[in-house]
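For reference, the chains in residue letters:
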Amino acid sequence: MAGVNVSPASLLELIAEIAEIPINAGVFKKDCADLTRRVCLLTHLVEEIRDSNPVDSAAASSSENDWWSDLVVGLQAAKRLLSSATRFQARDSSDGAVKRISFQLQCITWRLEKALSNLPYDLYDISDEVGEQVELARSQLRRAMQRYGSLNSNKFLNGLSEPMERDAFSNVKIKAEEEKLEGISETVPFGEEKKQLRKSSSISLAFYLSKDADTDRLDKMVTKNTDESKKSDKLTIPVDFLCPVSLELMKDPVIVATGQTYERAYIQRWIDCGNLTCPKTQQKLENFTLTPNYVLRSLISRWCAEHNIEQPAGYINGRSRNRGDMSVIKALVHKLSSRSVEERRNAVSEIRSLSKRSTDNRILIAEAGAIPVLVNLLTSEDVATQENAITCVLNLSIYDNNKELIMFAGAVTSIVQVLRAGTMEARENAAATLFSLSLADENKIIIGGSGAIPALVDLLENGTPRGKKDAATALFNLCIYQGNKGRAVRAGIVPALVKMLSDSSSHRMVDEALTILSVLASNLDAKAAIVKANTLPALIGILQTGQARNRENAAAILLSLCKRDTEKLVSIGRLGAVVPLMDLSNNGTERGKRKATSLLELLRKACQ
């Protein structure tokens, strides 16, 4: 396997080369910058691997070598892509070229996330701080995968091996590149999926450009395209009806200063990102006026009607309905500030319903200025108003761009107040909101320092089953950040989690409890608290009778507790850990096998 033979020193040179690739302005500017940043996060990991001696490198299985090979291949592909994508100019491109870059981004993101998820920590002396950086990179890669959409992993493997030639996006090779993308599944045994790949490419690209992770919307789009596959094969959408950026049928076409037409949402986002040129012609925009293209809109509407095709969501009788929706939403937002308690209550209830329905509504509600007003209503003395307001904020936070607006409005303090003193439904939704906001890594620090963790621990102990799960999910995500682990321990999270391991009324929470404990176990204060709570017998019991995932986490926790501690190793040996560990090393998950094997080796050395 070629990747296995690449040394850490060589990989560090590759990462340095990637970091030096200039990121030029263009359609893929942000994605290239994000990919470079995520790659640079791996520098310290590779340095520690270079400086450490594997625990037992000779015993490393092929699956343990696979992660390194995946990492090498992913980084090599990232360098090729960044070198090509930074030279990408829209005026020299075709739809196939744009699809190709988008597809390569998906492949590389998938490969890097796969490599990091299989990282065998037990083989290397990796510090807690570096481990956190790895988890940070993994979480960012997972979110990127959600934005890009999902494709069959075999397609990823084939797409990742495609070369990125210097002139891959020139006009001379446009047709060949499109054929290569569309025929990628010809060499593998899933030809029936080729058509779906061809149709989902534009969906994935539009999805990623909109930075939208709403899976319901994506599933609906993919299902719709699949159901109409036969009709679409025979019917070609006129090129002039497709937005040059999103490659989708336009619903609100607008003309920019250069005379080119784009879908309003995509060209507006292009301008909002600081771009001063026309995406298609690369000419400088003399102004940023967006003029509705009523003629084209009418033609698209007529074409859809003639071919019995459902009109884009923005149309009602050939006219955009987003404008009407915005008028309704603005009126509701205005009522949120009414002096009448009943009028405020009714308005926030309607906004709650709208925010639940679709991503488009979440965007429009935020654009109407609702977020700061909703944050103010979180402290309302009216119970129904507060419940609806926190649910609105939760729904709006699902759209990634709204997270920043919610944080900017100073919502965390009010959300924590609801978490502490609201009704049970409001507290549950407050916990879910904190989880949603904490998906942005920079928010973990802010939320952790706001007093949210003690309130979440209280809900974990005293909430309803749903409330406990919401609290556990939020706490897990917050504790990925090292600084929050100590806060969680001081808030009493360890006794609450340990109680869940043996409390029959909380048997459904064992998985969550073990997962959080496995994250906390790298913290010294957490280790002491786990041992003090007399957790070892419960962990051994789970090793003996638990489900595969729980046995894996139990072994991971025991390994963290017992590493470099002979007394605890002897203790778990006396408690009967050896037999279930031997079984796990043979029959467990890949991670479970690694943890069990490492523990058995430590036990053997302790006995000697």
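Reading the values: the criteria
Residues numbered from 1 in each chain as written. Predicted model: local features only at pLDDT ≥ 70, side-chain atom pairs only at ≥ 80, totals over all residues. Heavy atoms only, no water. Helix = DSSP H or I, 4+ residues; strand = E, 2+ residues; numbered from the N terminus. Buried < 20%, exposed > 50% of the residue type's maximum accessible area, 1.4 Å probe, protein only. Contact = heavy atoms within 4.5 Å. Areas by Shrake-Rupley, 256 points an atom, 1.4 Å probe, with all protein chains shown as cover. Patch = residues over 30% accessible without salt bridge, like charges linked within 9 Å, V, L, I, M, F, W, Y side chains within 5 Å. Salt bridge = Lys/Arg side-chain N within 4 Å of Asp/Glu carboxyl O. pLDDT = per-residue confidence, 0-100. Polar contact = N/O pair within 3.5 Å; in protein donor to acceptor, adjacent residues only side chain to side chain. Pairing = 2+ DSSP bridges. Axes fitted to C-alpha atoms, helices over the stretch in contact; angles between N-to-C directions. Phe/Tyr/Trp six-rings, centres within 6.5 Å; stacked < 30°, edge-to-face > 60°. Parallel < 35°, antiparallel > 145°, perpendicular 65-115°, else oblique. Left-handed = near helix turned anticlockwise from the far one by under 90°. Nonpolar A, V, L, I, M, F, W, Y, C, P; charged D, E, K, R; others polar. Arc of directions from axis to C-beta.

> Would you take a moment to explain the overall build of the protein chain for this structure?
Within the protein chain one finds 33 helices and 5 strands. Each of the 608 residues in the protein chain was classed as buried or not, and the buried ones make up 51%. Taking as baseline every contact in the protein chain between residues at least 6 positions apart, the subset at least 24 positions apart corresponds to 71%. Just so you have it, the protein chain exposes about 27800 Å², and 50% of that area is on carbon and sulfur atoms.

> So what exactly am I meant to see when it comes to a nonpolar patch on the surface here?
Side chains of Ile-445, Ile-446 and Tyr-481 sit close together on the surface and give an oily, nonpolar patch of about 260 Å² of accessible area. Within the element layout of this structure, Ile-446 appears in helix H22 (residues 441-448). Judged by relative accessible area, Ile-446 falls into the partly exposed class, the value being 46%.

> Got a minute to help me understand the environment of Gly-588 in this structure?
Topologically, Gly-588 is positioned in the loop between helix H32 (578-587) and helix H33 (590-607). The residues touching Gly-588, leaving out its near neighbours within four places in the chain, are Asp-583 and Lys-593.

> Looking at this model, I keep getting lost on the environment of Leu-602. Mind explaining?
Examined against the element boundaries, Leu-602 turns out to sit in helix H33. When its relative accessible area of 23% is taken as the criterion, Leu-602 is described as partly exposed. Once the C-alpha coordinates of Leu-602 and Lys-563 are considered, the two residues, 39 residues apart in sequence, prove to be 7.6 Å apart. Non-local contacts of Leu-602, meaning those with residues more than four positions away in its chain, are made with Leu-559, Lys-563 and Leu-569.

> Got a minute to help me understand the confidence of the model for the protein chain in this structure?
Detailed conclusions should not be drawn from predicted coordinates in areas where pLDDT is low. Mean pLDDT over the protein chain: 76, with 76% of residues reaching 70 or higher. Long-range and interchain partners of residues 313-321, a stretch whose pLDDT sits below 50, account for 19 contacts in this model, where long-range means more than four residues apart.

> What is the right way to look at the side chain of Asn-395 in this model?
Tracing the backbone through its elements, the reader meets Asn-395 in helix H18 (residues 383-397). Its relative accessible area of 10% is what places Asn-395 among the buried residues. Engagement of the side chain of Asn-395 in a polar contact is seen with the side chain of Ser-355, the distance being 3.0 Å. Setting aside its immediate chain neighbours within four residues, Asn-395 contacts Arg-352, Ser-355, Lys-356 and Arg-362.

> Can you help me understand the sheet that holds strand E1 (residues 253-255) in this one?
The strands that make up a sheet are held in pairs by hydrogen bonds between backbone atoms, and each pair lies either parallel or antiparallel. On the basis of which strands lie adjacent, the open sheet formed by 3 strands has the order E2-E1-E3 and antiparallel pairing. The sheet terminates laterally at strand E2 (261-263) and strand E3 (291-292), the two strands that pair on one side only. Two elements, E1 and E2, share 3 bridges in a ladder whose sense is antiparallel. Note that in E2 the partner of Val-254 across the bridge is Tyr-262. Running at roughly 95° to E2, helix H12 (residues 264-272) makes contact with E1, E2 and E3 of the sheet.

> In this structure, what is going on with the packing of aromatic side chains? I would like to understand it.
Aromatic ring pairs are reported here in terms of the distance separating the ring centres and the angle at which the planes meet. Evaluated as defined, the whole model comprises 2 aromatic pairs. Taken together, a centroid distance of 5.5 Å and an interplanar angle of 75° make the contact between Trp-67 and Trp-68 edge-to-face. What makes Trp-68 buried here is its relative accessible area of 8%. Seen in terms of ring centroids, Phe-241 and Trp-303 are 5.9 Å apart; in terms of plane orientation they differ by 75°. Their pairing is edge-to-face. Taken as a pair, Phe-241 in the loop between helix H11 (229-234) and E1 and Trp-303 in helix H13 (residues 294-306) lie far apart in primary sequence, 62 residues in all. In terms of burial, Phe-241 and Trp-303 fall into one category: buried.

> When you look at the pattern of salt bridges in this model, what are you seeing that I'm missing?
Pairs can form between side chains of opposite charge whenever their charged atoms are close. For the coordinates displayed, the defined rule picks out 22 salt bridges. We note a salt bridge from Asp-441 to Lys-444, for which the minimum N-O separation is 3.0 Å. Of this pair, Asp-441 and Lys-444 both sit in helix H22, 3 residues apart, which is roughly one turn of the helix. With relative accessibility at 4%, the residue Lys-444 sits in the buried group. When the shortest N-O distance is used, the salt bridge between Arg-604 and Glu-601 registers 2.2 Å.

> Got a minute to help me understand the packing of helix H21 (residues 424-438) against helix H23 (residues 452-462) in this structure?
Helix packing geometry: the angle between the two helix axes and the distance between the axes. Running from N to C, H21 and H23 point in directions that differ by 125°, and their axes come no closer than 11 Å. Accordingly, the angle class assigned to the pair H21 and H23 is oblique. Remark: the crossing between H21 and H23 carries left-handed chirality. Here Met-424, Arg-427, Glu-428, Ala-431 and Leu-434 of H21 come into contact with H23, specifically with Ala-452, Ala-455, Leu-456, Asp-458, Leu-459 and Asn-462. Considering only residue class, the contact of H21 with H23 consists of 7 nonpolar, 1 polar and 3 charged.

> Got a minute to help me understand unusual backbone geometry in this structure?
Not every positive phi belongs to a glycine, and Asn-534 is a case in point at roughly 55°. Within the secondary structure, Asn-534 is located in the loop between helix H28 (524-532) and helix H29 (536-545). Looking at Asn-534, the relative accessible area reads 57%, which means it is exposed.

> Looking at this model, I keep getting lost on the packing of helix H26 (residues 493-502) against helix H27 (residues 510-520). Mind explaining?
Taken N-terminus to C-terminus, the directions of H26 and H27 make an angle of 140°; their axes are 9 Å apart at the nearest point. Judged by the angle between their axes, H26 and H27 are oblique. Remark: the crossing between H26 and H27 carries left-handed chirality. Residues Ile-493, Val-494, Leu-497, Met-500 and Leu-501 of H26 pack against Val-510, Ala-513, Leu-514, Ile-516, Leu-517 and Leu-520 of H27. Taken together, the residues of the contact of H26 with H27 sort by class into 11 nonpolar, no polar and no charged.

> Can you help me understand the side chain of Asp-252 in this one?
Turning to its location among the elements, Asp-252 is positioned in the loop between H11 and E1. Within the local environment of Asp-252, its side chain forms a polar contact with the side chain of Arg-264, the two groups lying 2.8 Å apart.

> Just to check I follow, could you spell out helix H31 (residues 566-574) for this structure?
Each α-helix winds once per 3.6 residues, and so residues spaced three or four apart point in a common direction. All of the buried residues along H31 are Lys-568, Leu-569 and Ile-572. An end-on view of H31 places all buried positions within 105° of arc, on one side of the element. Seen from the buried face of H31, the exposed residues on the opposite side, beyond 90 degrees, are Glu-567 and Arg-574. On the buried face of H31, the contacting elements are H28, H29, helix H30 (548-562) and H33.

> What is the right way to look at the environment of Leu-434 in this model?
Looking at the element boundaries, Leu-434 is found in helix H21. We classify Leu-434 as buried; its relative accessible area is 0%. For Leu-434 and Leu-456, which are 22 residues apart along the polypeptide, the C-alpha to C-alpha distance reads 9.5 Å. Among all residues touching Leu-434, those that are not within four sequence positions of it are Ile-415, Leu-419, Ile-447, Ala-452 and Leu-456.

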